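# Observations on the model geometry
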Amino acid sequence: MWPVDATANKTSAGNFFEDFTLGQVIEHATPRTLTEGDRALYGALYPTRFAISSSVEFAAACGLSPAPVEELIAFHVAFGKTVPDISLNAVANLGYAECRFHQPVVPGDTLRTSSAVIGLKENSNGRTGVVYVRSTATNQHGQAVLDWCRWVMVHKRDPQAPAPATVVPELKGALGADELVIPAGLDFTGYDFSAAGEPHRFGDYEVGERIDHVDGVTLTDPEHMMATRLWQNTAKVHFNTEARADGNRLIYGGHVISMARAISFNGLANAQLISAINAGAHVAPAFAGDTIYAWSEVLDKAETSAPGVGALRLRLVATSGRDESMTLRNGEGRYAAGVLLDLDYWVLIPR
């Protein structure tokens, strides 16, 4: 039983930078069981049309039964568990690395998440610091579903609190193709390109190729707040207009990731499964009223041991407003105006 202290404040203000210690392990509440309702709501929030997560028959024909939900559903749910403990008092979520999906998640799976603090660095202003964590989500059988690293800038409660020793972890720039986990039974040898929506397969993509996904979606406050609540993400900046000096609700970066991934269907319809996220940067904030577009660049290609399955390493870039020139950086080497997201990830595609 929890100890009872009648004089203690029973509410939590979340952790501030000085509350984190190197090596600290945090078990996050609350376990979350995924249902077909999550699949349906995800499809209502994002214009996703990938066939494996849309059709139980298509998924079964590819060796996956029951049909998995989209990988980003599992990511958002697992990520949401970490927010009350890691980023409730965040200034911004800065980036991701070494995210690997270990197995498909299906309706009925219950996810829970734990995090280990792997790095700390106080900022020069003395009012904030960066916390690095490695988080792992497991299912009801105790099996790892996904794990990832992220770093987040967090407010200090007391600017006068002493700075911890600076530890910045060494993280991989990208996972190798040999480190990808291929779902058991995945087989694309009988792949139905007509049902999937496009004829383009592994051999049709070239390293260095860029794909303008053309379509745009205008963000709204009701949709992004509904999505963020769906993931039980409690970060104040997404809901409370008093949490930011400008009075705007900051759109959860994962909402932009899912929107860009859904938009990428046009040109990458057969990039059916996300296998890993190598790196990700939320380059600029997004707010209601912004219209999101996306383009992709092929960074690498690899064959896999699974029958008929290849892997593409892609850069997915989300922009506020369409950039037909598909410019990532300006002449000074900085991100170009309008870039919101720079995401480096591996997908599985039929050969």
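Structure: above.
Heads up: these notes are all about the structure in this document. (Residues numbered from 1 in each chain as written. Predicted model: local features only at pLDDT ≥ 70, side-chain atom pairs only at ≥ 80, totals over all residues. Heavy atoms only, no water.)

## A look at unusual backbone geometry
Heads up, the condition is: Only runs of H or I of at least four residues qualify as helices and only runs of E of at least two qualify as strands under DSSP, and these elements are numbered from the N terminus. Per-residue accessibility, obtained with a 1.4 Å probe over protein chains only, is compared with the maximum for each type, and a residue is labelled buried under 20%, exposed over 50%, and partly exposed between these values.
Backbone torsion omega between Ala29 and Thr30 reads -5 degrees, so that peptide bond is classified as cis. Relative to the helices and strands, Thr30 is located in the loop between β1 (25-27) and β2 (32-33). In the Ramachandran plot, Glu98 falls in the positive-phi region, its phi being about 50 degrees despite a non-glycine side chain. The topology assignment puts Glu98 in strand β3 (residues 90-101). With a phi angle near 50 degrees, Met326 is a residue other than glycine that sits in the positive phi range. Counting through the fold element by element, Met326 comes out in the loop between β11 (309-320) and β12 (339-350). With a relative accessible area of 14%, Met326 lands in the buried category.

## Section: empty space enclosed by the protein
If a probe as big as a water molecule is rolled over the atoms, it shows which places are left empty. Rules: Cavities and pockets were defined on a 1 Å grid built from protein atoms only: a cavity is a group of points that admits a 1.4 Å probe but offers it no way out, a pocket is an open group of points flanked by protein on both sides within 12 Å along at least five of seven lines, and a lining residue is one with an atom within 4 Å of any such point. Grid points are joined across faces, edges and corners, and a volume is the space filled by probe spheres set on the points.
The final tally for this structure, using the stated rule, is three cavities of 30 Å³ or more. What the largest cavity holds in volume is close to 170 Å³. Lining the largest cavity are 19 residues, with Glu71, Phe101, Gln103, Pro104 and Ile274 positioned closest to its centre. Those elements that place two or more of their residues in the lining of the largest cavity are α4 (71-86), β6 (144-155) and β9 (273-282). In terms of residues, the lining of the largest cavity owes the most to one element, β9, which gives three residues.

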